[in-house]
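Below are the chains, spelled out letter by letter.
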Amino acid sequence: MTRTTLRRQQLADAAISTLAGSGMRGLTHRAVDKTAEVPAGSCSYYFRTRQQLLQAAVERLAELDITEIDERPALTGPASIAEVAEATAGLIEHWTTTGRERMLARYELALEAPRRPELRTALHLAGSRHRAVAEKMLIAAGSPDPAAHANAFVALLDGILFTQLTAAAPHRLTPGQLRRTLLGLIPTCTGASLSLESPSTHNPPAANERGTC
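This is a predicted model, so every value here is computed, not measured.

For the rest of this paragraph, the subject is the overall build of the protein. In terms of helices and strands, the protein carries 9 helices and 0 strands. In the protein, once contacts between residues fewer than 6 apart in sequence are set aside, the share between residues at least 24 apart is 68%. About 11,700 Å² of surface is accessible on the protein, with carbon and sulfur atoms providing 54% of the total.

The structure is reproduced here in structure tokens:
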């Protein structure tokens, strides 16, 4: 990795930290220089415009997500609803603890996206990795149509994540409540019955019995 690439990566990481800590209004080239602890003017040298800086932050988030997802154990083959719920809870707990900064930055970027078409496109492409993970989870849980269900599943998880990150403590889900919530939501998205057994042990549901997530 070249020195230029390393410096651009360092500044993109600093942009993510600045977004998480100071919001979109606090994201300036000078603020990123300060966060990265580099000489003044470094950020504007590598990213001349605000759009370029935002694009770099989105691309860095996607890069980190890909590395992180690839390192996590994947569900392979049929899995019970309880196993999928536990894997999903693990992701949510990671994104609200170790990955909290990146998730806050992602929400800042998402709120800015409607005003910046280029940013919306970049976020959509970056989010395809999350939708792919959701599809794999739904396949493991026995979804008859994981591609159709994945968008709704991701939207539901986004709602939970947003609450866990922003709500006052009394309104956040405890670990037990989170798992019980997921145990109720996942069957709705898969059309599967709530069971501790893997879907391979059950007959598939009839079309008019499937969930409508």
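Back to the write-up after that little detour.
This paragraph deals with the side chain of Glu112. Along the chain, the position of Glu112 falls in helix α6 (residues 100-112). Of the residues examined, Glu112 reaches a relative accessible area of 11% and is grouped as buried. What Glu112 contacts, discounting residues up to four positions off in sequence, is Met24 and Leu119.

On to the pattern of salt bridges, then. Taken as a whole and judged by the stated rule, the model has 9 salt bridges. With a closest N to O distance of 2.6 Å, Asp13 and Arg60 form a salt bridge. Taken as a pair, Asp13 in helix α1 (residues 3-22) and Arg60 in helix α4 (residues 50-71) lie far apart in primary sequence, 47 residues in all. By relative accessible area, which is 27% here, Asp13 ends up partly exposed. Measuring nitrogen to oxygen at the nearest pair gives 3.2 Å for the salt bridge that ties Asp65 to Arg102.

Aromatic ring pairs: the centre-centre distance and the angle between the two ring planes describe each pair. For the structure shown, the criterion picks out 2 aromatic pairs. The interplanar angle of 90 degrees and the centroid separation of 5.4 Å between the aromatic rings of Tyr107 and Phe162 together place this pair among those described as edge-to-face. Of this pair, Tyr107 sits in helix α6 while Phe162 sits in helix α8 (residues 146-166), and the two are 55 residues apart along the sequence.

Turning our attention to the packing of helix α7 (residues 117-140) against α8. At a minimum axis separation of 8 Å, α7 and α8 run at an interaxial angle of 115 degrees. The way α7 lies across α8 gives a crossing that is right-handed. Across the interface between the two elements, His130, Arg131, Ala134, Glu135, Met137, Leu138 and Ile139 of α7 pack against Pro146, Ala147, His149, Ala150, Asn151, Phe153 and Val154 of α8. Grouping the constituent residues of the contact of α7 with α8 by class yields 9 nonpolar, 3 polar and 2 charged.

Here we take up helix α9 (residues 175-190). The first and last C-alpha atoms of α9 sit 23 Å apart over 16 residues, in line with the 22 Å expected at 1.5 Å per residue. Buried residues of α9: Leu178, Leu182, Ile186, Pro187, Cys189 and Thr190, and no others. Down the axis of α9, the buried set is contained in an arc of 155 degrees. They therefore lie on one face. Of the surrounding secondary structure, the elements contacted by the buried residues of α9 are α5 (81-95), α7 and α8.

All right, on to the side chain of Glu68 then. By secondary structure assignment, the location of Glu68 is in helix α4. A relative accessible area of 13% means that Glu68 is categorised as buried. Within polar-contact distance, the side chain of Glu68 engages the side chain of Trp95 at 3.5 Å. Those residues in contact with Glu68 that sit more than four places away from it in its chain are His94, Trp95 and Arg102.

Analysis parameters
Residues numbered from 1 in each chain as written. Predicted model: local features only at pLDDT ≥ 70, side-chain atom pairs only at ≥ 80, totals over all residues. Heavy atoms only, no water. Helix = DSSP H or I, 4+ residues; strand = E, 2+ residues; numbered from the N terminus. Contact = heavy atoms within 4.5 Å. Areas by Shrake-Rupley, 256 points an atom, 1.4 Å probe, with all protein chains shown as cover. Buried < 20%, exposed > 50% of the residue type's maximum accessible area, 1.4 Å probe, protein only. Salt bridge = Lys/Arg side-chain N within 4 Å of Asp/Glu carboxyl O. Phe/Tyr/Trp six-rings, centres within 6.5 Å; stacked < 30°, edge-to-face > 60°. Axes fitted to C-alpha atoms, helices over the stretch in contact; angles between N-to-C directions. Left-handed = near helix turned anticlockwise from the far one by under 90°. Nonpolar A, V, L, I, M, F, W, Y, C, P; charged D, E, K, R; others polar. Expected span 1.5 Å × (residues − 1). Arc of directions from axis to C-beta. Polar contact = N/O pair within 3.5 Å; in protein donor to acceptor, adjacent residues only side chain to side chain.

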